[in-house]
Amino acid sequence: MRPTVWLLVLVGFAGSLVAQTRPAPQQTGTARIRGTVVDATAGTPLRRASLRLRTTPSTRESWTAVTDGNGSFEFPALPSGRFTIAVSKGGYVNFNTPADATRSIQLTDGQTLDLPPLRLPRGGVITGSIRDEYGDAAPEIAVEAYRAEYMQGIRRLISARS
């Protein structure tokens, strides 16, 4: 009888450990976030852009969505709280809302938040090499990109650092 009692105690203890290691179910609520993702230059909708919504301060809770053919997305059944959103699409610069308390997204139960269009600028890369008069690679040459802007009717070159 003694081995059976120890076996039952051991099985019960192991079962309680398994129950403690299961991840908590994702919270659901009655709030929702809706919006669109558009090309920053043309304003055209971007289909199949990936979005990730996360609670803040940082926890492991997150929700994902993909835009439809009209660039629209929706995160339904959200709990109340603060959130950040990240958007990505190949060929475009990623978009992230700040995580600080003053600029993160705040939701209350039952609220439907229609975001303004999330504008993604196209990404770009500048490549090349600098060579001397003999065709050899020139070491330690600083290269900087500029963009033209007009200020009070005068064209000026402004550093394109981001």
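Sequence order sets the numbering: in each chain, residues are counted from 1 along the sequence as written. With pLDDT at 70 or above as the cut-off, local features in this predicted model cover only qualifying residues; side-chain atom pairs require 80 or more to be listed or tallied, and sums for whole chains, interfaces and linings still use all residues. Hydrogens and waters are ignored; side-chain quantities use all the structure's heavy atoms.

Description of the packing of aromatic side chains
Point 1. Two rings belonging to Phe, Tyr or Trp (six-membered ring only in the last case) form a pair when the distance between their centres is within 6.5 Å. Interplanar angles under 30 degrees mark stacking, angles over 60 mark edge-to-face geometry, and anything in between is tilted. Applying the stated criterion across every chain yields a total of two aromatic pairs.
Point 2. Pairing Phe73 with Phe75 gives two aromatic rings, centres 5.9 Å apart and planes at 65 degrees, and the pair type is edge-to-face. A single burial state applies to Phe73 and to Phe75, both of which are buried. The cut-offs for exposure are 20% and 50% of the maximum accessible area for each residue type, with area from a 1.4 Å probe on protein chains only; residues under the lower value are buried, those over the upper are exposed, and the others partly exposed.

Let's talk about the nonpolar core
Point 1. By nonpolar core is meant a set of buried Ala, Val, Leu, Ile, Met, Phe, Trp, Tyr and Cys residues that side-chain atoms within 4.5 Å join together. In this structure, Ile33, Val37, Phe73, Phe75 and Ile85 are the most contacted members of the largest nonpolar core, which totals 21 residues.
Point 2. Helix and strand definitions follow DSSP, with helices as H or I runs of at least four residues and strands as E runs of at least two, each counted in order from the N terminus. Elements supplying a minimum of two residues to this core: strand 1 (31-39), strand 2 (50-56), strand 3 (62-66), strand 4 (72-78), strand 5 (81-88), strand 7 (105-107) and strand 9 (118-120).
Point 3. Any two residues whose heavy atoms approach within 4.5 Å are treated as being in contact. Excluding residues within four positions of it along the chain, Val37 makes contact with Thr44, Pro45, Leu46, Ala49, Leu51, Thr67, Gly71, Phe73, Val87, Leu118 and Leu120.

Comments concerning a nonpolar patch on the surface
Point 1. Patch rule: a residue counts if its relative accessible area is over 30% and it has no salt bridge; like charges are joined within 9 Å, and nonpolar side chains (Val, Leu, Ile, Met, Phe, Trp, Tyr) within 5 Å. Surface exposure here means Shrake-Rupley accessible area, sampled with a 1.4 Å probe, where a residue is shielded only by the protein chains that are shown. Salt bridge, as used here: a side-chain nitrogen of Lys or Arg that lies within 4 Å of a carboxyl oxygen of Asp or Glu. Residues Ile130, Ile141 and Val143 make up a contiguous nonpolar surface patch of roughly 290 Å² in combined accessible area.
Point 2. Assignment of secondary structure puts Val143 in the loop between strand 9 and strand 10 (146-151).
Point 3. When its relative accessible area of 65% is taken as the criterion, Val143 is described as exposed.

Points about the pairing of strand 10
Point 1. Bridging between strand 10 and strand 11 (residues 154-159) involves six bridges; their strand directions are antiparallel. Paired with Arg147 across the two strands is Ile158, which belongs to strand 11.
Point 2. Strand pairing requires that DSSP identify at least two bridges connecting the strands. Once strand 10 ends, the chain turns through two residues before running back antiparallel as strand 11, passing Gln152 with a positive phi of about 55 degrees.

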